[in-house]
Amino acid sequence: MKKFYLLAFALVSVFALVSCQDDFDPDYPADEIQYDGSRRILVAYFSQTGNTERLANQIVEATGADVYRIEAAEPYASNPYDDSDRIQNESYNDLRPEVANLPDNVEDYDVIMVGSPIWWHNPAMVVCTFLESYDLSGKIIVPFFTYGSTEYLQQSIDKIHEVTPASTHLRTYLGGDVEEWLREIHILQ
Ligand SMILES: Cc1cc2nc3c(=O)[nH]c(=O)nc-3n(C[C@H](O)[C@H](O)[C@H](O)COP(=O)(O)O)c2cc1C
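Residues numbered from 1 in each chain as written. Predicted model: local features only at pLDDT ≥ 70, side-chain atom pairs only at ≥ 80, totals over all residues.

**Q** Any chance you could explain the overall build of the protein chain here in plain terms?
**A** For the protein chain, the helix and strand inventory stands at six helices and six strands. In the protein chain, the order of α-helices and β-strands from amino to carboxyl end is α-β-α-β-α-β-β-α-β-α-β-α. By the burial criterion, 34% of the 189 residues in the protein chain qualify as buried. Long-range contacts, defined here as pairs at least 24 residues apart, represent 83% of the contacts in the protein chain between residues at least 6 apart. (Helix = DSSP H or I, 4+ residues; strand = E, 2+ residues; numbered from the N terminus. Buried ≥ 20, exposed ≤ 12 C-beta atoms within 10 Å, placed from the backbone. Contact = placed C-beta atoms within 7 Å.)

**Q** Explain the pairing of strand 3 (residues 111–119) to me, please; I cannot follow it from the model alone.
**A** If a strand is regular, its side chains alternate between the two faces of the sheet. A large share of strand 3 lies buried, amounting to nine of its nine residues. Burial along strand 3 is two-sided: Val-111, Met-113, Gly-115, Pro-117 and Trp-119 facing one way and Ile-112, Val-114, Ser-116 and Ile-118 facing the other are all buried. Looking at chain direction, strand 1 (residues 41–45) and strand 3 are connected through five bridges and run parallel. If you follow Leu-42 over to strand 3, its bridge partner there is Ile-112. Bridge count for strand 3 against strand 5 (residues 140–146) is seven bridges, and the pairing is parallel. Bridge assignment links Pro-117 to a residue of strand 5, and that residue is Thr-146. Sheet topology places strand 3 next to strand 4 (residues 122–123); two bridges connect them, and they run antiparallel. Opposite Ile-118, over in strand 4, you have Pro-123 as the bridge partner. Counting the residues in the hairpin turn of strand 3 and strand 4 gives two residues, including Trp-120, whose phi is positive at 50°. (Pairing = 2+ DSSP bridges.)

**Q** Mind showing me how you'd approach the nonpolar core here?
**A** Inside soluble globular proteins, nonpolar side chains tend to come together where they are buried. Core analysis: the largest hydrophobic core is formed by 45 residues, its most contacted members being Val-43, Ala-44, Met-113 and Val-127. Secondary structure elements with two or more residues in this core: strand 1, helix 2 (51–63), strand 3, helix 4 (125–132), strand 5, helix 5 (153–163) and helix 6 (178–184). Excluding residues that lie within four positions of it along the chain, Val-127 makes contacts with Phe-46, Ile-70, Val-114 and Ser-116. (Core = buried A, V, L, I, M, F, W, Y, C linked by C-beta atoms within 7 Å.)

**Q** Whenever I open this one, the site of the ligand confuses me. Can you help?
**A** The environment of the ligand is made up of 22 residues, and the closest members are Ser-47, Thr-49, Asn-51, Thr-52 and Pro-117. Mapped by element, the contributors of at least two residues to the shell around the ligand are helix 2, helix 3 (84–92) and strand 3. Taken together, the residues of the shell around the ligand break down into nine nonpolar, twelve polar and one charged. (Near = placed C-beta within 6 Å. Nonpolar A, V, L, I, M, F, W, Y, C, P; charged D, E, K, R; others polar.)

**Q** Is there a simple way to explain helix 3 in this structure?
**A** Here helix 3 has its buried residues at Ile-87, Glu-90 and Ser-91. End-on view of helix 3: buried residues confined to an arc of 95°, all on one side of the axis. Of the residues in helix 3, the exposed ones pointing more than 90 degrees away from the buried face are Asp-85 and Tyr-92. Positive backbone phi, at 55°, marks Asp-94, one or two positions downstream of helix 3. (Arc of directions from axis to C-beta.)

**Q** Could you clarify how one ought to interpret the environment of Leu-42 in this entry?
**A** Inspection of the secondary structure puts Leu-42 in strand 1. Since 20 C-beta atoms lie within 10 Å of it, Leu-42 is described here as buried. The sequence separation of Leu-42 and Gly-64 amounts to 22 residues, and the corresponding C-alpha distance is 9.3 Å. Once residues lying within four places of it in the same chain are set aside, the contact partners of Leu-42 are Ala-65, Asp-66, Tyr-68, Val-106, Tyr-109 and Ile-112.

By themselves these figures say nothing about function.
Here it is in structure tokens:
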């Protein structure tokens, strides 16, 4: 029965991704920044099944940014639906799973583009652990997500804002051409 619900969730999610992406208009603080080619950019992402990694790689290709993959100290199942109860518990209880590989130079960057799947209505909580491990005040944070449906996209954006309260936040990726989005938010010229 559980498998049936998970399959049904996956199918509804894929349908919702295809049907909702165009009309989503997120409420985000429209912080205006100017392009500055001297900014150091880090793309930091978590990905379990490769979707967020693919998007992260496109951003890296477009920007030439450094890249860092967040790894959980206690790894998730290679099919994360097998870890659904754990993931739901972490999300619903706002837990902070440990990061296995925290770099010590994150505060050297001016821009942190941070990527995550949406897992049970929030970013993967290990991404929040990563962000809260540093003083990111004054940094530019650009969240990006992959997901089954946009229903919890705003909540996920809000969560990233909540754990980086003293940072400047730029608009998340909403589908379409990655370079065009990066130009619109003045990360690319
Ligand atoms: C346990 C679990 C929970 C998920 N919860 C959501 C969710 O709440 N909302 C959503 O839109 N997608 C949800 N998804 C779908 C993932 O966000 C989507 O497959 C994502 O692209 C996976 O990224 P990855 O390949 O980088 O790991 C969930 C997936 C899993 C495995």
